[in-house]
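Here are the chains, one letter per residue:
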Amino acid sequence: MGTRQSRGWVEKIFETWFAACAYLSVAVTAGIVLTLVWESWPFFQQVGLVEFLFEKEWTPLFSDAKFGIQPLLLGTLMTTLIACAVAVPLGILIAATLSEFMSSRMRQVIKPVIELLAGIPSVIFGYFALIVVTPFLQKWIPSLPGFSLLAAGLTMSFMILPLIVSLSEDALQAVPSSLREASQALGGTVWETTWKVILPSASSGIISACILGVSRAIGETMVVAIAAGQQPHWTLDPTEPAATMTAFMVQVALGDLPHGSLGYQTVFVVGLTLLLMTLAFNFLALQFRSRIRKSF
Amino acid sequence: MVESSKLSVQNLQFFYKSQQVLKNIFLDVTEKKVTALMGPSGCGKTTLLRCVNLMHELIPEASAHGKILLQPQNVNLLSDDMDPLWVRQRVGMVFQKPNPFPKSLFENVAYGLRLRGLKNKSELSGRVEVALKQAGLWVEVSDRMTHSALSLSGGQQQRLCIARALAVEPEVLLLDEPTSALDPISTAHIEEQLSEIKKQVTVMMVTHNLHQAARCSDETVFMLAGEIIEKGKSQKLFTNPQDKRTESYITGRFG
Amino acid sequence: METSTSRRKLFNQLMKILGLLGLGLSLVILLTLIFDLIIRGGSRIDFNFLTSFPSRRPSEAGLLSAWVGTLFVMLITAVMTILVGVSAAIYLEEYAKPGPMSRLIELNILNLSAMPSILYGLLALGIFVHQFRLGASLLTAGLTLSLLVLPIVIVSSREALRALPPNLKEASFALGATRFQTLIYYQLPSSLSGIMTGVILALSRAIGETAPLITIGALTYIAFLPKSIMDPFTVLPIQLFNWLSRPQPAFHVNAAAAGVILLFLTLSLNLLAIYIRIRVRKSVKW
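Thresholds applied
Residues numbered from 1 in each chain as written. Chains lettered and ligands numbered in written order. Predicted model: local features only at pLDDT ≥ 70, side-chain atom pairs only at ≥ 80, totals over all residues. Contact = placed C-beta atoms within 7 Å. Helix = DSSP H or I, 4+ residues; strand = E, 2+ residues; numbered from the N terminus. Buried ≥ 20, exposed ≤ 12 C-beta atoms within 10 Å, placed from the backbone. Pairing = 2+ DSSP bridges. Axes fitted to C-alpha atoms, helices over the stretch in contact; angles between N-to-C directions. Right-handed = clockwise from strand over helix to strand, strands pointing away.

Undergrad: Residues and numbers for the interface of chain A and chain C, please.
TA: Across the contact, 65 residues belong to chain A and 65 residues belong to chain C. The element that contributes the greatest number of residues to the side of chain A that touches chain C is helix H1 (residues 8–46) of chain A, accounting for 19 residues.

What follows is the structure, encoded as structure tokens:
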């Protein structure tokens with residue numbers, strides 16, 4: 001009577017359920033890794049790692065099939081590079097302006113707008129890339145084809161811009177105001193303070209933000225599937241069409257994918273490559289994030 | 001020796017939103033002396049200090065009216081067309097909590113000099129060394145100038161901030177409760193340096209520590225609720241205060 | 001040898017203007033794109049468009065199967081994320097002891113929030129579609145998307161629980177309630193708005209997801225309505241993608257119209273979440 005045991009077991013069941021849900025996140029990561037490795041394994045047994053890495057053509061469905069990841073990798077890297085070349089400097093500039101030059105009232109209005117823009121689905125950006133950006137670019141570069149890495153990359157830059165702005169602005173705001181006061185008391189202008197003191201102090205957070213932007217660009221699927229091109233193409237010319245890793249995966253998935261077929265396997269192989277790249281970047285971003293705490 | 005006035009505060013009124021924080025402030029700050037501003041919390045001493053280098057402009061809801069004349073230039077620091085950068089090149093400030101930049105010791109002290117476009121390495125090194133000696137820190141850190149400023153102790157950091165302010169050779173140095181966040185030994189160090197510093201620079205220091213004001217300052221201003229109650233030579237003010245309120249504050253009846 | 005202050009001030013103004021220009025230009029570009037979408041697609045939206053199935057003729061094609069599919073998938077996703085996401089948050093906030101295991105969980109959640117969505121599709125393809133034999137069904141879609149947006153719900157729910165003042169929890173214990181009762185009778189009801197915000201944000205993310213659903217085999221031409229959760233389906237973003245892939249410009253107009261509706265739904269959900277957040281901040285008086 002009145003002991004602790006009498007009410008115990010219902011709560012125990014719920015506790016176990018709660019714990020299981022939490023550990024699910026570990027299971028999902030493990031699931032992704034295992035699924036990709038498991039389904040890719042037969043591929044690597046047939047096609048060696050050497051061909052995969054060094055062959056310059058990716059034509060898995062041809063009779064004389066070639067399995068080089070380079071064209072897809074190059075497509076992904078080109079679009080990512082274009083996207084980040086625009087979004088990173090522009091994003092940091094905008095974040096610095098928001099954080100250092102604008103009043104907190106203005107920030108309170110603009111930040112939600114940025115978050116709303118960050119929520120626009122990527123398939124709509126795909127629409128923009130194909131229907132608006134490509135014709136616009138064709139006015140300046142008449143030889144530009146209907147699909148190009150350039151159009152996709154530029155559109156993607158606007159897609160990842162809100163992310164970089166938001167995270168960089170957070171990093172800048174985290175720098176203590178006493179540093180701003182010290183610099184201004186020494187006669188520094190707002191820009192000088194920002195450039196010489198605040199940006200360097202927030203560098204870890206900003207770098208982390210940019211790395212996450214890169215990671216997002218690498219994994220982006222719809223914009224490139226719609227506007228960059230469908231054929232894997234080894235090229236360093238952004239005005240040409242080419243398929244990225246993600247675009248390829250979608251392309252194959254749109255067709256029939258009988259379980260265990262070669263097409264089925266290639267999707268997982270490319271997915272595994274994507275996973276490894278993403279994990280590497282996420283890890284890097286985390287390293288920089290943990291550096292932030294040490295600087296003050 | 002004729003003592004001249006470095007700063008002449010005339011009819012200063014200060015408002016924060018709709019509240020009047022400083023009322024009818026008239027004050028002459030003597031050149032190359034240490035003037036202490038003291039009073040209980042909320043009396044306006046820090047607000048007054050921050051008007052001199054126009055730091056109040058960083059707060060949109062604050063406004064200052066009246067004159068603060070800088071001599072010998074005879075310009076009103078509070079006038080609308082006064083350039084804050086010009087003012088801050090001549091009036092430096094050290095804050096209550098040490099705020100060194102996350103850079104090396106050398107770069108911290110050289111910061112103000114670099115802002116003014118000084119690039120010559122030997123000249124920079126020379127002026128940095130002079131400033132650190134004035135702040136009484138040179139001996140301790142001369143061999144680790146490239147180390148991060150954050151590796152110093154609290155007291156050392158504050159002396160670094162003093163050196164940083166002195167490096168640009170200001171005419172006036174404003175100290176906002178410079179030792180309140182420090183331990184007694186660091187406090188003593190800094191108080192010692194004041195007698196050296198005042199040979200070059202006029203010093204205005206806010207303190208809530210009576211004894212510090214009595215020890216270190218040549219002149220003292222006692223404030224209460226936004227007004228100056230009494231001011232004069234420190235020796236005289238502390239031994240023979242004229243106003244009853246000054247006396248009560250000094251004897252600890254309130255604080 | 002001093003750089004004149006007027007030059008420094010000029011440069012300061014220059015940088016400020018440059019930054020504002022960058023901000024303004026970016027906003028203008030994004031808003032122009034959105035307006036362009038609305039202009040191109042807005043007029044196409046009418047009752048017929050919303051109640052017709054897709055067709056080979058663009059003028060007769062409609063969104064019916066797509067938005068019904070979206071509705072059902074969102075329902076399944078919402079149920080799953082609430083059940084699993086809130087539970088995970090409860091465990092992490094109330095029951096987990098700080099240590100390597102909880103750090104592992106948090107690391108995983110962090111990592112998963114930055115995973116390309118298509119990888120979730122691959123996971124689902126391997127496990128749900130083939131291993132569990134659920135096929136390319138509404139159920140698979142719901143499960144896949146709920147895993148994708150789980151980190152969002154977990155993070156928001158944790159924040160909502162953390163925002164509650166600890167002394168009220170203590171008061172509950174002092175009255176003899178168990179941990180579980182405190183959870184059910186005090187903590188969950190009080191953090192409901194924060195949790196709802198998280199679920200709404202999660203749905204706003206899920207509603208626009210295309211790649212993982214294509215990967216699990218969602219078909220792009222569905223001319224019927226699903227009758228059970230095991231039925232094949234399509235969703236709004238996939239229909240948009242399908243129409244966009246056709247060469248005829250008339251289909252592109254349909255795509256724009258679908259885009260307008262998708263954008264409208266996404267923004268409405270986001271605004272709803274922001275509204276709830278503001279309301280809560282105003283009304284909370286501890």
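Undergrad: Please give an account of unusual backbone geometry that cites residues and values.
TA: Residues and elements named next belong to chain B. Each neighbour pair has its own omega, and for Gln-71 with Pro-72 the value is 0°, a cis peptide bond. Relative to the helices and strands, Pro-72 is located in the loop between strand E4 (62–70) and strand E5 (75–76). Not every positive phi belongs to a glycine, and Asn-74 is a case in point at roughly 55°. Along the polypeptide, Asn-74 turns up in the loop between E4 and E5. Asn-74 gets classed as exposed once you count the C-beta atoms within 10 Å, which come to 8. The phi torsion at Ala-225 lies on the positive side, around 45°, for a residue other than glycine. Its place among the elements puts Ala-225 in the loop between strand E9 (219–224) and strand E10 (227–233).

Undergrad: Before we move on, can you summarise the pairing of E4(B) with the specific residues and values?
TA: All names here are of chain B. Both strand E1 (residues 5–16) and E4 contribute to a ladder of 8 bridges, which runs antiparallel. Bridging from a neighbouring strand, Phe-14 pairs with Ala-64 of E4. Bridging between E4 and E5 involves 2 bridges; their strand directions are antiparallel. Opposite Leu-69, over in E5, you have Asn-76 as the bridge partner.

Undergrad: Give me the lowdown on the sheet that holds strand E8 (residues 202–207) of chain B, citing residues and values where you can.
TA: Residues and elements named next belong to chain B. An order of E6-E7-E8-E3-E9-E10 is seen for the 6 strands of this open sheet, with the pairing classed as mixed. Since the sheet does not close on itself, it has two edges, and those belong to strand E6 (91–94) and E10, each with one partner. Sheet twist, expressed as the average angle between the axes of neighbouring strands with direction ignored, equals 15°. Across the face of the sheet, helix H6 (residues 154–166) comes into contact with E6 and strand E7 (172–176) while running at roughly 170° to E6.

Undergrad: Describe in detail the pairing of E8(B), supporting the description with residues and values.
TA: Across a regular strand the side chains alternate sides, sitting on one face of the sheet and then on the other. Residue and element names in this part refer to chain B. Within E8, 6 of the 6 residues are buried, leaving the element largely enclosed by the surrounding structure. Alternating positions in E8 separate into two faces, Thr-202, Met-204 and Val-206 on one and Val-203, Met-205 and Thr-207 on the other, with burial throughout. Where E7 lies against E8, 5 bridges are found, and the strand directions are parallel. Looking at E8, one finds that Leu-175 is bridged to Met-205. On the question of chirality, the crossover connecting E7 to the parallel E8 by way of helix H7 (residues 184–197) is right-handed.

Undergrad: Tell me about the sheet that holds E4(B), and please be specific about residues and values.
TA: All names here are of chain B. Across the sheet, which stays open at both edges, the 4 strands sit in the order E2-E1-E4-E5 with antiparallel pairing between neighbours. Each edge of the open sheet is held by one strand with a lone partner, namely strand E2 (19–30) and E5. Bridge count between E1 and E2: 8 bridges; the pairing is antiparallel. Bridged to Leu-7 within E2 is Val-29.

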